[in-house]
Amino acid sequence: MVNFKQEIAKEIAEVTNLDSKELENYIEIPPNSDLGDYAFPCFKLAKELRKAPPMIANDIKENIKIDEKIIEKIEVVGGYLNIYVNKQTLAKEVLEDVAKNKEKYGSSDIGKGKNVVIDYSAPNIAKPFHIGHLRSTVIGGALYKIYNFLGYNSVGINFLGDWGLQFGKVMAGIKLWKDEYDFKNDEMSSILKTYIRFNKEEKEKPELTDLARAEFKKLEDGDQETYKLWEHIRKISLENYEKTYKLLNSKFDSYNGEAYYNDKMEPVVEELKEKGLLKESQGAQVVDLEKYNMPPCIIITSAGTTIYATRDLASLEDRMNTYNFDKAIYVVGNEQALHFKQVFATAKYLGIDEKYTNGLKHVPFGMVQLKTGKMSTREGNIIKLEDLLNEAIEKSKKIIEEKNPNLENKEEVAKMVGVGAVIFNDLSNNRIKDEIFDWDIMLNFNGETGPYVQYICVRTKSLLEKAGYIPNIQDVDVSKLNDEDSKNIITTLYNFNQTLNNVTEKEEPSILARYLVTLAEQYSSFYNNCHILDQEKEIKDARLYLTYMVKTVLEKGLNLLGIKVPNKM
């Protein structure tokens, strides 16, 4: 497919004698199609060319060699060149590329031979999966799928919180109160109740803390009975989480959690010592990061124990050796921003190859909070993600019963729509923003939502089913797609691959979510303004093929976000 940005950059480079690759990076897509398909800001050339931007723009326009098959016209507006591509060429390129690649349209081999490790979800075992885990899970899951689609080898890691004093509390609580809860029929819930109770009673009974420490010490020392209980809790937790992961279409290649790195931290500590990087500070062993204008990174606490930074350094070296990654992404809340800066800086001090340290990236996101404040498992004020998803599914069922009571497979459709609403609601928001959890907002099925995009996609499927065929590309006359709605859709379809590249450049799935809303709205306008099935065959075939292309991209885009699309709604 013609790379219009590349072609435009080459032509501007001929006029200005500047590097075309650099010029290509300057080319923008205007916010309004009236301003062209592409815009080139000449302000960025003013210093180098020693001319005023409007003068540079006029010079380029006057001297550029326009291939009319590529560029239809160029206008100068202030210091900008507004560039309009040839819509017939654009349409022909998009149609042929969709026909060639079908459901792989928009994919690429840009990531061929490159490994991307994505650390996401990472709940603490012995606790239910609550809505605080949703963001990491769906953001990481979307990135996993999109990187794969662009040719990378994605490795999904669920770095489980499966070690620490909290498990001493859990195990002590189970042993104290195992006869007071229904462990036989509702084990996960009973485990949580004992944990919450332990934390509450611990405030008035300090001896419980000592009991928890003793239980965890037994676990660390390899006591067989204690280890078996911990192993069982981990197994039960994972079985519980898998139900939710299945609903969210999330996939992981590794569940190596904190416990996995118990015997891998000491070598890291020794390496830091050998390189003279550890210093004592208030009884703790730290790495001085003054060079990076950061507080020191604690490696060994004043109590002599390892800490999260120690585990993350150990896991980093392990992932480096296991996966030979080009990029290692950590999808972890914004509150951990300093922690990762410290870990990444310490990795550089360790002398880890720049190939790996340059590929380290923390992908932060805002918190999900209740209207009443921050959630806390210890206090028991959490909303289980399973409950949220079931509520969304139930709401979807009610809407289906009202609007389409005779729909087949209502249960399955309700599941796709309800879960899709929750995922899309999260991913359509910029990840860095905090979210105040609100049932009404989360389960709103109107406006720029997942169910709306699903509905438009289902509409395209229904139309193609009603027509009874998808035209052969050889039978499609692109000149019949000359109305404004069709042109807008084709331009948006052309930008699908670039949209996915933008997602991975910024690690921001909301870019794709917003793109899908735009495409759905454009098709809705096309559907309302342009008759399809009652037209003469040439127009009918062209518009049917446009419908097929929209269906292909909407469905693939939603799938990349982890959302399934029903055949009927």
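Residues numbered from 1 in each chain as written. Predicted model: local features only at pLDDT ≥ 70, side-chain atom pairs only at ≥ 80, totals over all residues. Heavy atoms only, no water.

S.K.: Explain the overall build of the protein chain here, please?
M.R.: Looking only at helices and strands, the protein chain has 22 helices and 12 strands in total. Reported as C-alpha extents along the three principal axes, the dimensions of the protein chain are approximately 80 × 65 × 40 Å. Buried positions account for 54% of the 569 residues belonging to the protein chain. Of all intrachain contacts in the protein chain linking residues separated by at least 6 positions in sequence, the fraction that spans at least 24 positions is 74%. Of the roughly 26,900 Å² of accessible surface on the protein chain, a fraction of 46% belongs to carbon and sulfur atoms. (Helix = DSSP H or I, 4+ residues; strand = E, 2+ residues; numbered from the N terminus. Buried < 20%, exposed > 50% of the residue type's maximum accessible area, 1.4 Å probe, protein only. Contact = heavy atoms within 4.5 Å. Areas by Shrake-Rupley, 256 points an atom, 1.4 Å probe, with all protein chains shown as cover.)

S.K.: Is there a simple way to explain empty space enclosed by the protein in this structure?
M.R.: To find leftover empty space, a probe the size of one water molecule is rolled over the atoms. In this structure the tally under the stated criterion is 2 cavities of 30 Å³ or more. Of the voids in this model, the largest cavity is the one considered here, and its volume is about 50 Å³. As for the largest cavity, its lining consists of Phe 4, Ile 29, Asp 37, Tyr 38, Val 85, Leu 90, Thr 491, Tyr 494 and Asn 495. Taken together, the residues of the lining of the largest cavity sort by class into 6 nonpolar, 2 polar and 1 charged. The space that makes up the second largest cavity amounts to roughly 30 Å³. Per-element tally for the lining of the second largest cavity: the top contributor is helix H6 (residues 134-149), with 5 residues. Partitioning the lining of the second largest cavity into residue classes produces 5 nonpolar, 4 polar and 1 charged. (1 Å grid on protein atoms, 1.4 Å probe; cavity = no way out; pocket = protein on both sides within 12 Å on 5 of 7 lines; lining within 4 Å. Points joined across faces, edges and corners; volume = space filled by probe spheres on them. Nonpolar A, V, L, I, M, F, W, Y, C, P; charged D, E, K, R; others polar.)

S.K.: What's the story with the pattern of salt bridges in this structure? I'm lost.
M.R.: Pairing between side chains of opposite charge can happen when their charged atoms approach one another. All chains considered together, the criterion is met by 34 salt bridges. Put simply, Lys 51 and Asp 59 hold a salt bridge, and the shortest N to O gap is 2.7 Å. Taking relative accessible area as the criterion, Lys 51 reaches 36% and is therefore assigned partly exposed. The partner of Lys 487 in a salt bridge is Glu 484, with the nearest N and O atoms 3.7 Å apart. Within this pair, Lys 487 and its partner Glu 484 are both found in helix H19 (residues 484-494), separated by 3 residues, close to a single helical turn. (Salt bridge = Lys/Arg side-chain N within 4 Å of Asp/Glu carboxyl O.)

S.K.: Explanation requested: the sheet that holds strand E6 (residues 278-281) in the structure shown.
M.R.: Paired through backbone hydrogen bonds, the strands of a sheet run either parallel or antiparallel to each other. As summarised here, the arrangement of the 3 strands in space is E6-E7-E8, forming an open sheet in which the pairing is antiparallel. The sheet is open, and its two edges are formed by E6 and strand E8 (297-300), each paired on a single side. Along the sheet, successive strands turn relative to each other by an average axial angle of 45 degrees, direction set aside. Where E6 meets strand E7 (residues 284-287), 4 bridges bridge the pair, whose relative direction is antiparallel. Considered in E7, the bridge of Lys 279 is made with Val 286. (Pairing = 2+ DSSP bridges. Axes fitted to C-alpha atoms, helices over the stretch in contact; angles between N-to-C directions.)

S.K.: What am I meant to see in the sheet that holds strand E10 (residues 360-363) here?
M.R.: Ordered by their spatial adjacency, 4 strands build an open sheet running E5-E4-E9-E10, and the pairing between neighbours is parallel. The open sheet has two free edges, formed respectively by strand E5 (153-157) and E10, since each of these has just one partner strand. For this sheet the average axis-to-axis angle between neighbouring strands, irrespective of direction, equals 20 degrees. Judged from the 5 bridges that link them, strand E4 (residues 115-119) and E5 form a sheet pairing that is parallel. Bridge assignment links Asp 119 to a residue of E5, and that residue is Ile 157.

S.K.: I'm lost on the pairing of strand E3 (residues 80-85) in this one. Help?
M.R.: With 5 of 6 residues buried, E3 is to be regarded as a mostly interior element. Bridge count between strand E1 (residues 38-41) and E3: 4 bridges; the pairing is antiparallel. Counted as the bridge partner of Phe 40 is Leu 81 from E3. Between the antiparallel neighbours strand E2 (residues 71-77) and E3 lie 2 residues, among them Gly 78 with a positive phi of about 65 degrees.

S.K.: What is the right way to read the layout of surface pockets from this model?
M.R.: The computed volume of the largest pocket comes to approximately 1,600 Å³. As for the largest pocket, its lining consists of 48 residues, of which Ile 29, Tyr 38, Tyr 494, Asn 495 and Gln 498 are closest to the centre. Looking at the lining of the largest pocket, the elements with two or more residues in it are helix H1 (4-16), helix H2 (20-26), helix H5 (87-101), H19, helix H20 (496-506) and helix H21 (510-529). In terms of residues, the lining of the largest pocket owes the most to one element, H20, which gives 7 residues. A per-class count over the lining of the largest pocket returns 12 nonpolar, 20 polar and 16 charged.

S.K.: Hey, could you run me through the side chain of Arg 135 in this one?
M.R.: Here Arg 135 lies in helix H6. Within the structure, Arg 135 has its side chain in polar contact with the backbone oxygen of Lys 433 (distance 2.8 Å). Once residues lying within four places of it in the same chain are set aside, the contact partners of Arg 135 are Gly 140, Phe 365, Gly 366, Val 368, Asp 426, Asn 429, Asn 430, Arg 431, Lys 433 and Glu 435. (Polar contact = N/O pair within 3.5 Å; in protein donor to acceptor, adjacent residues only side chain to side chain.)

S.K.: I'm lost on helix H18 (residues 450-467) in this one. Help?
M.R.: Structural remark: α-helix, 3.6 residues per turn; residues separated by three or four positions point the same way. Helix length check: H18 (18 residues) gives 26 Å between terminal C-alpha atoms against 26 Å at 1.5 Å per residue, within 8%. Within H18, 13 of the 18 residues are buried, which leaves the element mostly enclosed by the surrounding structure. Count one or two residues on from H18 and you reach Gly 468, which has phi positive near 85 degrees. (Expected span 1.5 Å × (residues − 1).)

S.K.: Quick question: what am I supposed to make of a nonpolar patch on the surface here?
M.R.: On the surface, a nonpolar cluster with roughly 270 Å² of combined accessible area is contributed by Phe 43, Val 77 and Tyr 80. Turning to its location among the elements, Val 77 is positioned in strand E2. (Patch = residues over 30% accessible without salt bridge, like charges linked within 9 Å, V, L, I, M, F, W, Y side chains within 5 Å.)

S.K.: Where do I start with the nonpolar core in this structure?
M.R.: One broad trend across soluble globular proteins is that nonpolar side chains are buried collectively. Formed by 136 residues in total, the largest nonpolar core has its most connected members in Phe 40 and Leu 512. Of the residues forming this core, the biggest block, 11 residues, is contributed by helix H22 (residues 537-560). When near neighbours in sequence (up to four residues on either side) are disregarded, Leu 512 contacts Ile 146, Phe 496, Thr 499, Leu 500, Val 503, Gly 557, Leu 560 and Leu 561. Within the second largest apolar cluster, 34 residues are counted, among which are Ile 157, Ile 300, Met 320 and Phe 344. (Core = buried A, V, L, I, M, F, W, Y, C linked by side-chain atoms within 4.5 Å.)

S.K.: Would you mind going over helix H12 (residues 308-323) with me for this structure?
M.R.: Relative to the 22 Å expected for 16 residues at 1.5 Å per residue, H12 spans 21 Å between its end C-alpha atoms, a close match to the ideal helical length. Of all the 16 residues making up H12, 12 are buried; the element is thus mostly covered by neighbouring parts of the structure. Burial in H12 covers these residues: Ala 309, Thr 310, Arg 311, Asp 312, Leu 313, Ala 314, Ser 315, Leu 316, Glu 317, Asp 318, Arg 319 and Met 320. Just downstream of H12, Asn 324 is the residue with a positive phi angle, here 45 degrees.

S.K.: Can you walk me through the packing of aromatic side chains in this structure?
M.R.: When we look at a pair of aromatic rings, we describe it by the centre distance and by the angle of the planes. Per the counting criterion, the structure on display carries 25 aromatic pairs. With 5.2 Å between their ring centres and 90 degrees between their planes, Phe 129 and Tyr 245 make a pair best called edge-to-face. Taken together, the positions of Phe 129 in the loop between E4 and H6 and Tyr 245 in helix H10 (residues 224-247) put the pair 116 residues apart, joining distant regions of the chain. For the pair formed by Phe 129 and Tyr 245, the shared burial category is buried. Looking at Lys 73, its charged tip hangs above the ring of Tyr 84, at a distance of 4.6 Å from the centre. Looking at Arg 197, its charged tip hangs above the ring of Trp 177, at a distance of 4.2 Å from the centre. (Phe/Tyr/Trp six-rings, centres within 6.5 Å; stacked < 30°, edge-to-face > 60°. Lys NZ or Arg CZ within 6 Å of the ring centre and 35° of its normal.)

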